[in-house]
Amino acid sequence: MKCSKIAALLLLPVLLCTAGCSVKSGIRSGYEKVISAMGTLTPTPDAALIGVRTPGRDDCTGAYAASCEKARGKDVVFGGCGLQTRRLEITGSVSCQAGFVQILLKNGSKEIRLTPNSSGSIAESICGAGGDWYLSVEYADFSGSVTLCSRDSTQ
């Protein structure tokens, strides 16, 4: 009896690998949904945001705007997990009267600081493997405004 259970467990991966494409696709799709759902737990809830978020097609895309007076804290604006490679296009602007603001994009263990140019504009195209993606804005006694738009150009 024990040998038949072991044999069945050893054959399971073979059966999954030889199953039709639709079964593999269904398993992958289900796994993708579970992974994506796990990633939606990290973004800052709407009620706790310093700015205002407008959702996009998925949890990693949309628009964000904040007009601040001595703001302190961190908004995790967009974020989630997935299996597919993504190319995110991040655009926006920062107008700073006082204090400090930092915009970060995290993909797995890689963290990229999005730095505005001399006129305050941000335009970045970042491609990365599947995993987690999070766009955050960190404020330290910041007075001014921040606008961001995140678009997935792989879709």
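Structure first, text after, so check above.
One structure accompanies this document, and this report is about it.

**Topic: the overall build of the chain**
A tally of regular secondary structure across the chain gives two helices and six strands. Along the chain direction, N to C, the helices and strands of the chain fall in the order α-α-β-β-β-β-β-β. In the chain, which comprises 155 residues, the proportion classed as buried is 33%. With the model as given, the accessible surface of the chain reaches about 9,200 Å², and the carbon-plus-sulfur share is 60%.

**Remarks on unusual backbone geometry**
One non-glycine residue, lysine 70, adopts positive backbone phi at about 55°. Along the polypeptide, lysine 70 turns up in strand 2 (residues 62–82).

**Here we look at the pairing of strand 2**
The pairing of strand 1 (residues 52–55) with strand 2 spans four bridges and is antiparallel. Paired with proline 55 across the two strands is glycine 62, which belongs to strand 2. Remark: six residues form the turn of the hairpin made by strand 1 and strand 2, two consecutive strands paired antiparallel. With 17 bridges joining them, strand 2 and strand 6 (residues 131–152) adopt antiparallel strand pairing. In the strand pairing of strand 6, alanine 66 is matched with valine 146.

**Structural notes on the pattern of salt bridges**
Summed over the entire model, instances satisfying the criterion amount to six salt bridges. Across the pair aspartate 141 and arginine 72 runs a salt bridge whose closest N-O atoms are separated by 3.0 Å. Of this pair, aspartate 141 sits in strand 6 while arginine 72 sits in strand 2; the two residues are 69 residues apart in sequence, bridging distant segments of the chain. For aspartate 141, a relative accessible area of 39% gives the class partly exposed.

**A short note on the packing of aromatic side chains**
Per the counting criterion, the structure on display carries one aromatic pair. With centroids separated by 5.6 Å and ring planes inclined at 45°, the aromatic side chains of tyrosine 139 and phenylalanine 142 adopt a geometry described as tilted. Among the residues examined, phenylalanine 142 registers a relative accessible area of 0% and is labelled buried.

About the thresholds
- Residues numbered from 1 in each chain as written.
- Predicted model: local features only at pLDDT ≥ 70, side-chain atom pairs only at ≥ 80, totals over all residues.
- Heavy atoms only, no water.
- Helix = DSSP H or I, 4+ residues; strand = E, 2+ residues; numbered from the N terminus.
- Buried < 20%, exposed > 50% of the residue type's maximum accessible area, 1.4 Å probe, protein only.
- Areas by Shrake-Rupley, 256 points an atom, 1.4 Å probe, with all protein chains shown as cover.
- Pairing = 2+ DSSP bridges.
- Salt bridge = Lys/Arg side-chain N within 4 Å of Asp/Glu carboxyl O.
- Phe/Tyr/Trp six-rings, centres within 6.5 Å; stacked < 30°, edge-to-face > 60°.

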